[in-house]
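Observations on the three-dimensional arrangement
Chain by chain, the residues run as shown.
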Amino acid sequence: MKPLSPLDNAILFMERRAQPMHVGALCLLRPPPDAPPDFVLQLSERLRRSAAAVPPFNRRLASRFGIRFWEESPDFDLAQHFVHLALPRPGRIRELLAMISRVHAAHLDRAYPLWRVYLIEGLEDGRIALYAKIHHAMADGVTGIRLLTLSMAADPDASRALPPPWEMCAPKKQRRSLPVPAPALRGIDAMRALAREGIGGVRPVLARMAQTLRDQRAGHPDCVGSLQAPPSIFNQPISSSRRFAAQSYSAARIKAIARRFDTTSNDVVLAICGAALRRYLLELGRLPERPLIAAVPVSTSRQERDSGNEIAFALSHLGTHIADPRKRLRAIKACMDYNKSVLRSLAPAQLLAYEGLMFAPGVFNLLTGVSRRRSIVNLVISYVPGPRRRLYWQGCELEGLYPVSLIVDSVALNITLVARHDALDFGLLGCRKTLPHLQRLLEFLGDSIAELEAAGQT
């Protein structure tokens with residue numbers, strides 16, 4: 001048996017009826033041209049012959065003397081984990097997203113290993129869908145995507161010979177992070193480790209904190225504090241219902257905009273999200289005067305490749321107070337450049353300690369709800385690296401890989417995208433009761449890309 005880490009325990013502690021703590025992914029797949037009419041049924045029957053699972057898919061929760069452990073489940077029951085469904089007619093993407101919204105809202109049973117896979121047929125265009133979810137205590141979104149794509153291949157014939165995802169060995173090293181910016185939980189351990197190194201390990205953290213506090217007092221436009229997010233429609237208590245929206249956009253268009261404005265693709269993504277959210281809130285008459293603040297997970301692995309602490313959170317404003325698309329993009333780039341200067345100045349362990357101390361007031365407010373008028377962030381925006389080549393699963397071509405993340409109380413919207421070889425696959429998850437007409441954001445994202453393209457031509 002393996003004891004749960006403090007991070008795993010924290011994630012389980014955060015789970016409530018209205019706040020399930022699992023993440024997922026939706027794959028859209030095109031069957032081979034010569035697929036028979038009962039192709040999905042044959043595929044389902046073949047997958048059901050699986051009789052075993054490998055870590056982490058064979059681990060379930062156990063408790064001894066109040067301490068939680070992962071233990072290998074002695075009685076693997078595939079019927080609990082694999083489900084074959086069909087969409088109601090007419091089988092549009094609308095019906096598929098509605099189905100994913102419902103099944104993603106349901107909790108995973110802690111008596112079994114915490115994952116489930118759905119094979120879905122009935123789409124009117126002949127495609128099929130694969131939806132998988134796994135508890136965040138077992139894997140985060142990046143790891144979940146990797147586990148899913150391990151069962152895919154670049155050749156359709158080779159993909160047919162691969163076992164299902166739950167029989168594929170997991171990578172030995174996994175990125176782990178909390179789904180919201182709560183780095184204080186990791187920052188405490190990081191500070192202890194730095195304290196053992198002496199003043200040489202702690203001094204850079206204190207110096208960086210002092211500089212950030214000076215910038216905040218001076219009103220530096222690119223320095224975002226942990227209680228700077230304005231009150232918004234996104235920062236309300238959430239219900240147990242979910243709405244999921246998904247769409248793909250051309251990666252080439254995003255890269256062309258980035259080249260035109262001398263920015264990164266990540267800056268462009270934040271800018272189009274900011275523009276879409278501005279239009280969405282203007283339509284609802286709920287746009288705050290101050291800019292929305294997003295938590296943006298950033299990899300720190302370049303600084304220390306062997307470090308286990310590979311994820312940090314940057315706080316960036318989204319320029320929602322700026323009407324001009326060019327000025328908005330420049331402002332977001334400046335804010336992210338400021339964040340990058342902090343990343344470059346600290347080693348990964350020092351960065352975690354810095355986050356833990358700087359974000360502590362906002363994290364305390366997020367976890368306790370002391371003040372509903374003050375939030376650490378308005379939403380989370382994650383950019384996940386995906387497969388860089390065309391992939392196939394069981395002979396079917398992968399045409400979309402949409403992340404289905406999670407939301408927490410007072411952070412009712414999550415925007416996550418997977419960057420594939422030719423597309424950015426956006427997955428938007430929100431509280432159905434809190435955020436009306438969430439699907440409108442997909443239209444506004446497309447409009448925002450076109451707006452930046454037009455701005456780059458003038």
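Residues numbered from 1 in each chain as written. Predicted model: local features only at pLDDT ≥ 70, side-chain atom pairs only at ≥ 80, totals over all residues. Heavy atoms only, no water.

Re the overall build of the protein chain
Here is the rule: The numbering of helices and of strands both runs from the N terminus, where a helix is a DSSP run of H or I of at least 4 residues and a strand a run of E of at least 2. When a residue's accessible area, from a 1.4 Å probe over protein chains only, is under 20% of the maximum for its type it is buried; when over 50% it is exposed; and in between it is partly exposed. Whether two residues are in contact is decided by their heavy atoms: any pair within 4.5 Å suffices. What sets the accessible areas is the Shrake-Rupley method with a 1.4 Å probe; for residues, cover comes only from the shown protein chains.
For the protein chain, the count of helices and strands is 13 helices and 15 strands. Each of the 458 residues in the protein chain was classed as buried or not, and the buried ones make up 57%. For the protein chain, restricting intrachain contacts to residue pairs at least 6 apart in sequence, the fraction spanning at least 24 positions comes to 77%. When the accessible surface of the protein chain is split by element, carbon and sulfur atoms take 53% of a total near 19500 Å².

Things to note about the packing of helix 9 (residues 265-284) against helix 13 (residues 440-455)
In helix packing, the relevant descriptors are the interaxial angle and the interaxial distance, both defined with respect to the helix axes. Quick note on the threshold: Structural elements are reduced to axes, namely lines fitted to C-alpha atoms, with helices fitted over the stretch in contact, and the angle between N-to-C directions of any two is expressed from 0 to 180 degrees. An angle counts as roughly parallel when it lies under 35 degrees, as roughly antiparallel when it exceeds 145, as roughly perpendicular when it falls between 65 and 115, and as oblique in every other case. In this scheme the handedness of a crossing depends on how the near helix is turned from the far one: anticlockwise by less than a right angle means left-handed, clockwise means right-handed.
At their nearest, the axes of helix 9 and helix 13 sit 8 Å apart, and the two run at 125° to each other. Relative to helix 13, helix 9 is oriented oblique. Here the hand of the crossing between helix 9 and helix 13 comes out right-handed. Judged by residue contacts, Val 268, Ala 271, Ile 272, Cys 273, Ala 275, Ala 276, Leu 277, Arg 279, Tyr 280 and Glu 283 of helix 9 engage Arg 440, Leu 441, Phe 444, Leu 445, Asp 447, Ser 448, Ile 449, Glu 451 and Leu 452 from helix 13.

Focus on the sheet that holds strand 6 (residues 115-121)
How we decide: When DSSP finds at least two bridges between two strands, those strands are taken to pair.
In space, the six strands of this open sheet follow the order 5-6-7-2-13-12, with mixed pairing throughout. Unpaired on one side and paired on the other, strand 5 (82-86) and strand 12 (392-393) mark the two borders of the sheet. The sheet strands contacting helix 3 (residues 93-105) are strand 2 (22-30), strand 5, strand 6, strand 7 (128-135) and strand 13 (396-404), and the helix crosses strand 2 at an angle near 155°.

A look at the confidence of the model for the protein chain
Low pLDDT means the predicted coordinates in that region are not meant to be read closely. Put simply, the test is: A residue's pLDDT is the confidence the predictor assigns to it, expressed on a 0 to 100 scale.
On average, residues of the protein chain score 88 in pLDDT, and 87% of them are at 70 or above. pLDDT under 50 marks residues 302-309. Its contacts with residues more than four places away, or in other chains, come to 13 contacts.

Observations concerning the environment of Val 224
Among the structural elements, Val 224 can be located in the loop between helix 7 (199-217) and strand 8 (242-250). Look at Val 224 and you get buried, because its relative accessible area is 11%. Once the C-alpha coordinates of Val 224 and Cys 335 are considered, the two residues, 111 residues apart in sequence, prove to be 8.0 Å apart. Dropping the residues within four chain positions of it, Val 224 is found in contact with Gln 216, Ile 293, Leu 315, Ser 316, His 317 and Cys 335.

A short note on the sheet that holds strand 3 (residues 59-64)
Taking strand neighbours across the sheet as the criterion, the three strands line up as 1-4-3 in an open arrangement whose pairing is antiparallel. Looking along the sheet, the strands with just one partner apiece sit at the ends: strand 1 (2-3) and strand 3. Examined bridge by bridge, strand 1 and strand 4 (residues 67-72) share two bridges and lie antiparallel to one another. Pairing of Pro 3 across the sheet is with Phe 69, part of strand 4.

Describing unusual backbone geometry
Of note, the amide linkage connecting Pro 55 to Pro 56 takes the cis form, showing an omega dihedral of 0°. Inspection of the secondary structure assignment puts Pro 56 in the loop between helix 2 (39-48) and strand 3. Of note, the amide linkage connecting Arg 89 to Pro 90 takes the cis form, showing an omega dihedral of 10°. By the secondary structure assignment, Pro 90 is in the loop between strand 5 and helix 3. Even without a glycine there, the phi angle at Ser 410 is positive, about 75°.

Some details on the pattern of salt bridges
Rules: One speaks of a salt bridge when a side-chain nitrogen belonging to Lys or Arg is within 4 Å of a carboxyl oxygen belonging to Asp or Glu.
This model, assessed by the stated rule, comprises 20 salt bridges. Put simply, Asp 75 and Arg 60 hold a salt bridge, and the shortest N to O gap is 3.8 Å. Of the two residues, Asp 75 is situated in the loop between strand 4 and strand 5 and Arg 60 in strand 3; the sequence distance between them amounts to 15 residues. Two residues, Arg 440 and Glu 283, come together in a salt bridge whose shortest N-O distance is 2.4 Å. Of this pair, Arg 440 sits in helix 13 while Glu 283 sits in helix 9; the two residues are 157 residues apart in sequence, bridging distant segments of the chain.

A short note on helix 13
Residues three or four positions apart in an α-helix share a direction because the helix packs 3.6 residues into each turn. Put simply, the test is: Here the expected span of a helix is defined as 1.5 Å times the quantity of residues minus one.
Its 16 residues give helix 13 an end-to-end C-alpha distance of 22 Å, which sits within 8% of 22 Å, the value for a rise of 1.5 Å per residue. Looking at the buried side of helix 13, the elements it contacts are strand 8, helix 8 (251-261), helix 9, helix 10 (325-345), strand 14 (413-419) and strand 15 (423-431).

Quick look at the nonpolar core
Which entries qualify depends on this criterion: For this analysis, a nonpolar core means a set of buried residues of the types Ala, Val, Leu, Ile, Met, Phe, Trp, Tyr and Cys, connected via side-chain atoms within 4.5 Å.
By size, the foremost hydrophobic cluster in this structure holds 139 residues, and its most contacted members are Leu 26 and Phe 426. With 10 residues, the top contributor of residues to this core is helix 9. Leaving out residues up to four positions away in the same chain, Phe 426 has contacts with Ala 245, Ala 246, Gln 247, Tyr 249, Val 269, Ile 272, Cys 273, Tyr 402, Ile 415, Thr 416, Leu 417 and Leu 445.

What to know about the packing of helix 10 against helix 13
Just so we agree on the cut-off: For this scheme, ten residues count as nonpolar: Ala, Val, Leu, Ile, Met, Phe, Trp, Tyr, Cys and Pro. Four count as charged, namely Asp, Glu, Lys and Arg, and the remainder, Gly too, count as polar.
Here helix 10 crosses helix 13 at 100°, and the two axes come no closer than 9 Å. Classed by the angle they form, the pair helix 10 and helix 13 counts as roughly perpendicular. Within the contact between the two elements, helix 10 uses Pro 325, Arg 326, Arg 328 and Leu 329 and helix 13 uses Glu 451, Leu 452 and Ala 455. In terms of residue class, the contact of helix 10 with helix 13 is made up of four nonpolar, no polar and three charged.

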